[in-house]
Amino acid sequence: MSITIKLFAALREALGESELQLDLAEIASDASPADVAAVKAVLANRGTDWREALHQPNLVHALNHRVVFTDAVVSEGDELAFFPPMTGG
Amino acid sequence: MAAEYAKLIGDQPGAAVATFTGYVRGHAEGAAVTALELEHYPEMAQKVLMTLGETAAERFKLTRWRIVHRHGSLAVLDSIVWVGAVAEHRGEAIAACEFMMDTLKTDAPFWKREEGVAGDKWVAQRDTDTRRRERWQ
């Protein structure tokens, strides 16, 4: 049971990865829900560069292509993307 | 641009047609820009822009609309984005273009990387873009 994590732009560059799979079992427990905050906590354990990158104040989270906040719950097969504020147009 | 305009108006042009085009600037904050790289999140960009057009159509009573956003490597003076709206009256057509541009600047998943003489850097979102977006809430 896993979710797909995608990284874009400066975040992708800083962490050297654009896509990875995360096992839901790593994120959820009986005590806490598998939400975006929990995903960030698990990824932050990978190292200081991950911790710093994911705790930027303006970081945007998109769950299945829609912007969400850290309380959004993730489920098997979901796609969760992290990226800096958008600069299109 | 002519091809996009033709697709926008189709066989029967409405009474009022407005468009906006954004081009790659040759300079940013005093430094010369030589090229622009536009990264994007394809599946989300498609959804966001489609929803944006539909929202604009409903809010401004458009009969037709079109949004084109390029990605990848662009040169200075290349076009980046083009929006078009057809309505019965000029107020709605023009406002719809402004709304679509103000919204996609902050909501569409594209990221600009400027390549210049002094090096490469990611463009940062501007406060003015956030404020312009908020005007439409």
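First, a word on scope: everything that follows refers to the structure included in this document. (Residues numbered from 1 in each chain as written. Chains lettered and ligands numbered in written order. Predicted model: local features only at pLDDT ≥ 70, side-chain atom pairs only at ≥ 80, totals over all residues.)

Examining the overall build of chain B
For step 1, the next point in the chain: When helices and strands are tallied, chain B shows four helices and eight strands.
For step 2, the next point in the chain: With respect to the principal axes defined by its C-alpha atoms, chain B has extents near 50 × 30 × 30 Å.
For step 3, the next point in the chain: Buried residues in chain B amount to 33% of all 137 residues.
For step 4, the next point in the chain: Contacts in chain B between residues at least 24 apart in sequence constitute 74% of all its contacts with a sequence separation of at least 6. (Helix = DSSP H or I, 4+ residues; strand = E, 2+ residues; numbered from the N terminus. Buried ≥ 20, exposed ≤ 12 C-beta atoms within 10 Å, placed from the backbone. Contact = placed C-beta atoms within 7 Å.)

Looking at the interface of chain B and chain A
For step 1, the next point in the chain: Taken together, the 21 residues of chain B in the interface contact 13 residues of chain A.
For step 2, the next point in the chain: The set of elements that each furnish at least two residues to the side of chain B that touches chain A consists of helix H2 (42-60), helix H3 (90-107) and strand E7 (110-116) of chain B.

Examining the pairing of E7 of chain B
Residue and element names in this part refer to chain B.
For step 1, the next point in the chain: Note: strand E3 (residues 31-40) against E7, seven bridges, orientation antiparallel. Bridged to Val 33 within E7 is Gly 116.
For step 2, the next point in the chain: The sheet contact formed by E7 and strand E8 (residues 119-122) spans four bridges and is antiparallel. Within the sheet, the bridge partner assigned to Glu 114 lies in E8 and is Lys 121.
For step 3, the next point in the chain: The hairpin formed by E7 and E8 contains two residues between the paired strands. (Pairing = 2+ DSSP bridges.)

Structural notes on the packing of H3 of chain B against helix H4 (residues 127-134) of chain B
All names here are of chain B.
For step 1, the next point in the chain: Direction vectors running N to C along H3 and H4 enclose 125°, while the axes themselves pass 8 Å from each other. When the axes of H3 and H4 are compared, the pair comes out oblique. In this structure, H3 crosses over H4, and the sense of that crossing is left-handed. In contact with Asp 102, Thr 103, Lys 105 and Thr 106 of H3, H4 contributes Asp 129, Thr 130, Arg 132 and Arg 133.
For step 2, the next point in the chain: Across the contact of H3 with H4, the residue classes tally to no nonpolar, three polar and five charged. (Axes fitted to C-alpha atoms, helices over the stretch in contact; angles between N-to-C directions. Parallel < 35°, antiparallel > 145°, perpendicular 65-115°, else oblique. Left-handed = near helix turned anticlockwise from the far one by under 90°. Nonpolar A, V, L, I, M, F, W, Y, C, P; charged D, E, K, R; others polar.)

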